[in-house]
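Here's the letter readout for the chains.
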Amino acid sequence: MSVPRKPTGVAAQAKRESNEDIPQFFRLNVEVGDLDAATVFYTTLLGVQGRLQPGRRCYFECGPVTLQVLDVSSIRQPYPAAKSLYFTLQNLEPAFERAKALNCLSREDVHDAPGGGIVVRPWGERSFYAEDPWGNPLCFVEEGTVYTGSD
């Protein structure tokens, strides 16, 4: 006797779309203290040209999610993102070299391995960690190794 399987992947997504209005994540905001410096930093690190926007902000198109870099220096000190911002790349090495040149690789250990080194983490992701000049933690993960917590 076969046990009915729960739909996964595309089938599960199609089922969710037909039954529910699931919010789609489209933009993430990080606060900085100098928009010009932040634009140069993120353009260099991501290898993507930012687009300046009204209201002291710059948008970086990072796949389906836009990274919004917002200068709050006229109001208060920037508040760092609560958790790492995660980016996927086909090839980590060019981003790693850019982060190294920017001297922004993490100096902390992640599960007993250097966060600022390209390492296969215990959960299987090949990644490295960095930090922007305003304290926002960043993580770059190689496509194909992304761990989502589901099968």
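Just above, that's the structure.
Source: prediction; values computed, not measured. (Residues numbered from 1 in each chain as written. Predicted model: local features only at pLDDT ≥ 70, side-chain atom pairs only at ≥ 80, totals over all residues. Heavy atoms only, no water.)

Participant: Which residues make up helix α3 (residues 92-101), and what values do they have?
Facilitator: Along α3, the positions that sit buried rather than exposed are Leu92, Ala95, Phe96 and Ala99. Taken down its axis, α3 places every buried residue within 105° of arc, on the same side. Against α2 (35-46), β5 (85-89), β9 (126-131) and β10 (137-142) lie the buried residues of α3. If you check the start of α3, you find a side-chain oxygen 3.3 Å away from the backbone N of Glu93, and it comes from Asn91. Immediately downstream of α3, the backbone of Asn103 shows phi near 55°, a positive value. (Buried < 20%, exposed > 50% of the residue type's maximum accessible area, 1.4 Å probe, protein only. Helix = DSSP H or I, 4+ residues; strand = E, 2+ residues; numbered from the N terminus. Arc of directions from axis to C-beta. Contact = heavy atoms within 4.5 Å. Polar contact = N/O pair within 3.5 Å; in protein donor to acceptor, adjacent residues only side chain to side chain.)

Participant: How would you explain the pattern of salt bridges if you had to name every residue and give the values?
Facilitator: Taken as a whole and assessed by the stated rule, the structure comprises five salt bridges. Put simply, Arg76 and Glu31 hold a salt bridge, and the shortest N to O gap is 2.6 Å. Of the two residues, Arg76 sits in the loop between β4 (65-71) and β5 while Glu31 sits in strand β1 (residues 27-32), which places them 45 residues apart along the sequence. Residue classification places Glu31 among the buried positions, given a relative accessible area of 13%. Notably, a salt bridge pairs Glu93 with Arg126, separated by 2.6 Å at the nearest N-O pair. Taken together, the positions of Glu93 in helix α3 and Arg126 in strand β9 put the pair 33 residues apart, joining distant regions of the chain. (Salt bridge = Lys/Arg side-chain N within 4 Å of Asp/Glu carboxyl O.)

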